[in-house]
Each structure stands twice: as C-alpha cells, then as structure tokens.
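Chains, contacts and geometry: an overview
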2 protein chains.
Amino acid sequence: MSAIDDLAGELARLPGIGKKTALRLTYHLLRQPKERGLRLARALEVLAERVHPCPVCHNPTESAECAICSDPRRDTSVICVVEQASDIGAIERSGEFRGVYHVLGGRLSPLDGVQPEDLTIGHLVRRATEPAGVVREVIVATNPSVEGEATAMYVQQKLASCGVRVTRIARGLPVGGDLEYADGVTIAQALNARRDMK
Amino acid sequence: MSAIDDLAGELARLPGIGKKTALRLTYHLLRQPKERGLRLARALEVLAERVHPCPVCHNPTESAECAICSDPRRDTSVICVVEQASDIGAIERSGEFRGVYHVLGGRLSPLDGVQPEDLTIGHLVRRATEPAGVVREVIVATNPSVEGEATAMYVQQKLASCGVRVTRIARGLPVGGDLEYADGVTIAQALNARRDMK
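**Concerning the packing of helix 1 (residues 3-12) of chain A against helix 3 (residues 34-50) of chain B**
It is the contact of helix 1 of chain A with helix 3 of chain B, at a shortest axis distance of 9 Å, that shows an interaxial angle of 150°. Regarding the angle of helix 1 of chain A to helix 3 of chain B, the classification is roughly antiparallel. Considering only the axes of helix 1 of chain A and helix 3 of chain B, their crossing is left-handed. Counted together, Ala-3, Ile-4, Asp-6, Leu-7, Glu-10 and Leu-11 of chain A of helix 1 of chain A and Arg-36, Arg-39, Leu-40, Ala-43, Leu-44, Val-46 and Leu-47 of chain B of helix 3 of chain B form the full contact between these two elements.

As structure tokens, this is what we get:
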C-alpha cells in the first residue's frame, strides 16, 4: 500500500468523496508545497484531540463550555433543540434567535437502529425541568422530515408533563421559493398553517 | 479562529470543495471516532514527508526510484511523456504500454505564467539523448487541449535534432462514443487520421 493509495483511501471514506475525487485531491496535494498538507493534518489532529461536546448543550467546543452557553447575553430560558451541531450555524446565521441550544446528536430512526437513549433527550428533559421555572420554552427545530417529525413528537411527549411550553418551527413555502415547483405536502402544510393578514 | 473553522478552512482550499462542503465534512468527522480523523492526518503527513518525485521520471514515489523505473521488465527505450503524474495511472490501466514515463509537471501556458523552464523538458531531452542510441521513441501523451498540443509541439521541436523518433497519441472518436454527440473538431481529426481497413 503506497502513501498515495493510503491517503486516497482515507479521503474516499469521507461522505460525497469517491475514489476518483480522492485520487485527484491526493495528486493535487502532491503538487502543492508540503506545508499545505501538513497544515491540513494539524487541523485534523486539533479537531480530534481538543474538540469535545459542550457539557451543557452538546455543541462541539474547545472550551469548558461552548461559545453560546458561556455568552451571558444569551437567554437561557429558551432552548432550541436541533438534530446536529451543524444546524446551529444555520439558525445563528438567521440572526433571529437569542436563546440557547440543545444538540440531540441525530434523530430517532428505528430502521437505522437509533433509539431514544442514543440521543441526548434525557439530558434535555433534565435541563428543561431542573431547577423548575428557569426554562420557559423549548423550540423543537428538528428537520421537517419523517424522522425529524417523529423525533419532535417524542421530545414533545417527554416534556408534556413538565409545564414547559414546547413549540415547533413553522413549515411552509421557503422564502424565494416558487409555488409551481413546491411539492404537495409543503403546499398542504403552508395552507394549514396560514395566518390572518393584518 | 476555532478548530472547526480552522479545519473547514483548510479543507475548503482543496479543489472542488466549497465552504459548505468543508463544514459538512468537518462536522462529519466530529461525529466519527477520533481515530478516523487521526488516520487521515497521519496519511497526509506521510504523503508530505516521504513522497518525492522519482529522480528519473518525476513520478511521485516513496522509494529511491518509482515502481515503474525500477521494474526491470519495462522497456526503457520508449518514453511516454505525460503532463501530470495522475495521467500515468490512466495509461497503465489500458495495459497497452510497457515502456517508461516522463512527467512534465504541467503544460505550457503563457497566460498562467507556465514557461518551458517550469516543466521538466530539459531533463527529458537529456534522458532521450544521453547516452545516445538507448532511447528509440518518445510518445507525447499530453492532453488533446490547446495547451497540451502546444506543449507537444514544443517537446517535438526540442527533440527534432536528436535523432529520436517522436510520436503523438492518436486523436479521434472515443471508444463507445456516439458520432451524433461528438464535437466537430473531434470528428475532423477522426476523419484526417482515418486508416485503411484490411
């Protein structure tokens, strides 16, 4: 096994990178100054060695707590529940949310063997209820897919008896979307969730 | 700069990997056992530290000479000239060539500032002529692009006075290709290079 095949093999294990692309990237790196490849190697090592889930919300961080949980300006009475840490970036970019997050680490999927105990749902329930009265609202922002909806329902049931308001992000037509090309389920949900215009 | 942004930034410098893909790959690695990322880091280090161009043909290798140059069964009287080391794999897969290679390290491109002295053409001329009589043929297998053709012509001119036969790989319709969808230039070259059927 040569160093070239070895690196191409490791790259090809990344999602969306096939064997040909992996080989092309490897030859690309061979044409670059070797510092380029070493900087990438160092960044991978730092990620593997220093980054760990935030003990409060499971967002990956290098610090004791993540940047959002340790920000005193964030409203800790509202928790936004997401499937993956990468979803936090998408919500932060909207600039619409000043609360804190909770990363489930996936969504319920019996077919893939993902059970409730594989997610951080138990931890979320403790966060939302202890001490009582601190958390006012849990916004469930799992994906609008079959599994994301099932996960949202499960979270809602777990929190139903806790006296915490549980909300779900709205579904409807995406801004800039085209009615002509929207699928029927999206249009049905956009109709059901219609609001009075004032 | 966080470890996540740092790795995503390094990944985004690879060709064909944008910022979104880089971030997706980074979060993918965060969900994997950390050995995965470390193995990729190690493979990158080995590539950067141990792989160097073969002193004979400029094909990257970890040994003193590359696997092809050090294979006694290869015919060293025929040199196939390619732009990039990655082209060697394509030719080897054809199973049609038993000679040796010479990697130019690119193609002439005045617009990109690639001059003859940036390529290994001088070394190729020495290989083809010293000692005299060893090399019988140089097959120029640069790409059938404008720059590849210009590079092939330059190589041919440099070797013209050396008494070595210089040939160019044939252009024509690709096997399995469809005449209906072939471009005019390819069809013109396929017509010009027509051969008698026996």
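Back to the text.
**Some details on the packing of helix 1 (residues 3-12) of chain B against helix 2 (residues 19-31) of chain B**
Residues and elements named next belong to chain B. Where helix 1 contacts helix 2, the two axes come as close as 8 Å, and the packing angle between them is 130°. As the angle between them shows, helix 1 and helix 2 are arranged oblique. In this structure, helix 1 meets helix 2 at a crossing whose hand is right-handed. Between helix 1 and helix 2, the residues in contact are Ile-4, Leu-7, Ala-8, Leu-11 and Ala-12 and Lys-19, Ala-22, Leu-23, Leu-25, Thr-26, Tyr-27, Leu-29 and Leu-30, respectively. Of the residues contributing to the contact of helix 1 with helix 2, the split by class is eleven nonpolar, one polar and one charged.

**Observations regarding the pairing of strand 5 (residues 137-140) of chain B**
Residues and elements named next belong to chain B. Residues of strand 5 alternate between two faces, with Glu-137 and Ile-139 on one and Val-138 and Val-140 on the opposite face, all of them buried. Examined bridge by bridge, strand 3 (residues 75-82) and strand 5 share four bridges and lie parallel to one another. What sits directly across from Cys-80, in strand 5, is Ile-139. Read as a crossover between parallel neighbours, the route from strand 5 over helix 6 (residues 146-159) to strand 6 (residues 165-168) is right-handed.

**Here we look at the sheet that holds strand 4 (residues 99-103) of chain A**
Residue and element names in this part refer to chain A. A sheet is described by the order of its strands in space; here four strands give the open sequence 4-3-5-6, paired in parallel fashion. At either margin of the open sheet sits one strand with a lone partner, and together these are strand 4 and strand 6 (165-168). Neighbour-to-neighbour, the strand axes of this sheet turn through a mean angle of 25°, independent of strand direction. The pairing of strand 3 (residues 75-82) with strand 4 spans five bridges and is parallel. Across the sheet, residue Ile-79 finds its bridge partner in strand 4, namely Val-100. Contacting strand 5 (137-140) and strand 6, helix 6 (residues 146-159) runs over the sheet at an angle of about 170° to strand 6.

**Overview of the domain arrangement of chain A**
Domain boundaries assigned for chain A yield domain 1 (3-50) and domain 2 (71-196). Taking only C-alpha atoms into account, the centre of domain 1 of chain A sits 35 Å from that of domain 2 of chain A.

**Digging into the state of the cysteines**
Throughout the structure, instances matching the rule amount to zero disulfides over all chains. Here Cys-162 of chain A stays free of any disulfide, with the sulfur of Cys-80 of chain A as its closest cysteine sulfur at 18 Å.

**Some words on the environment of Cys-162 of chain B**
Residues and elements named next belong to chain B. With respect to the secondary-structure elements, Cys-162 resides in the loop between helix 6 and strand 6. Overall, Cys-162 belongs to the partly exposed group, its relative accessible area being 28%. Discounting chain neighbours no more than four positions away, the residues touching Cys-162 are Val-125 and Thr-129.

**Concerning the interface of chain A and chain B**
Counting residues at the interface gives 40 residues for chain A and 40 residues for chain B. Counting the surface lost from both chain A and chain B, the interface buries some 4,000 Å², and carbon and sulfur atoms represent 69% of this. Here chain A and chain B share six salt bridges between them. The salt bridge involving Lys-34 of chain A is made with Glu-49 of chain B; its shortest N-O contact spans 3.2 Å. Sorting the residues of the side of chain A that touches chain B by element identifies helix 1, helix 2 (19-31) and helix 3 (34-50) of chain A as the ones contributing at least two each. A class-by-class count of the residues in the side of chain A that touches chain B yields 22 nonpolar, six polar and twelve charged.

**Quick look at the packing of aromatic side chains**
In this description, a pair of aromatic rings is defined by centroid distance and the angle of the planes. All names here are of chain B. The full count for this structure, using the stated rule, is two aromatic pairs over all chains. Between Phe-97 and Tyr-101, the ring centres sit 5.2 Å apart and the planes meet at 65°, which makes this aromatic pair edge-to-face. Both residues of the pair, Phe-97 and Tyr-101, belong to the buried class.

**Section: the pairing of strand 4 of chain A**
The element strand 4 of chain A is largely enclosed, with a buried count of five among its five residues. The parallel pair strand 3 of chain A and strand 4 of chain A, bridged by helix 4 (residues 86-94) of chain A, forms a crossover whose chirality is right-handed.

**Examining helix 2 of chain B**
Its 13 residues give helix 2 of chain B an end-to-end C-alpha distance of 19 Å, which sits within 8% of 18 Å, the value for a rise of 1.5 Å per residue. Contacts made by the buried residues of helix 2 of chain B are with helix 3, strand 2 (60-61) and helix 4 of chain A together with helix 1 and helix 3 of chain B.

**A closer look at the side chain of Arg-127 of chain B**
All names here are of chain B. Examined against the element boundaries, Arg-127 turns out to sit in helix 5 (residues 121-129). One buried charged side chain, Arg-127, makes no salt bridge at all; its nearest oppositely charged neighbour is Glu-65, positioned 8.7 Å away. Polar side-chain contacts of Arg-127 include one of 3.0 Å to the side chain of His-102. With residues near it in sequence (within four places) discarded, Arg-127 still touches Val-56, Cys-57, Ile-79, Val-100, Tyr-101, His-102 and Val-135.

**Section: the sheet that holds strand 6 of chain B**
Residue and element names in this part refer to chain B. The strand order across the open sheet formed by four strands is 4-3-5-6, and the pairing between neighbours is parallel. Both outer strands of the open sheet, strand 4 (99-103) and strand 6, are each paired with one neighbouring strand and no more. Across the sheet, the axes of successive neighbouring strands diverge by a mean angle of 25°, strand direction being ignored. Each of strand 3 and strand 4 is contacted by helix 4 (residues 85-94), which is oriented at about 155° to strand 4, the strand it contacts most. Running over the sheet, helix 6 touches strand 5 and strand 6 and is turned about 170° from strand 6.

Calculation notes
- Residues numbered from 1 in each chain as written.
- Chains lettered and ligands numbered in written order.
- Predicted model: local features only at pLDDT ≥ 70, side-chain atom pairs only at ≥ 80, totals over all residues.
- Heavy atoms only, no water.
- Axes fitted to C-alpha atoms, helices over the stretch in contact; angles between N-to-C directions.
- Helix = DSSP H or I, 4+ residues; strand = E, 2+ residues; numbered from the N terminus.
- Parallel < 35°, antiparallel > 145°, perpendicular 65-115°, else oblique.
- Left-handed = near helix turned anticlockwise from the far one by under 90°.
- Contact = heavy atoms within 4.5 Å.
- Nonpolar A, V, L, I, M, F, W, Y, C, P; charged D, E, K, R; others polar.
- Buried < 20%, exposed > 50% of the residue type's maximum accessible area, 1.4 Å probe, protein only.
- Pairing = 2+ DSSP bridges.
- Right-handed = clockwise from strand over helix to strand, strands pointing away.
- Domains from an automatic or database assignment.
- Disulfide = S-S within 2.5 Å.
- Buried area = accessible area lost by both parts, 1.4 Å probe.
- Salt bridge = Lys/Arg side-chain N within 4 Å of Asp/Glu carboxyl O.
- Phe/Tyr/Trp six-rings, centres within 6.5 Å; stacked < 30°, edge-to-face > 60°.
- Expected span 1.5 Å × (residues − 1).
- Lys, Arg positive; Asp, Glu negative; His and termini not counted.
- Polar contact = N/O pair within 3.5 Å; in protein donor to acceptor, adjacent residues only side chain to side chain.

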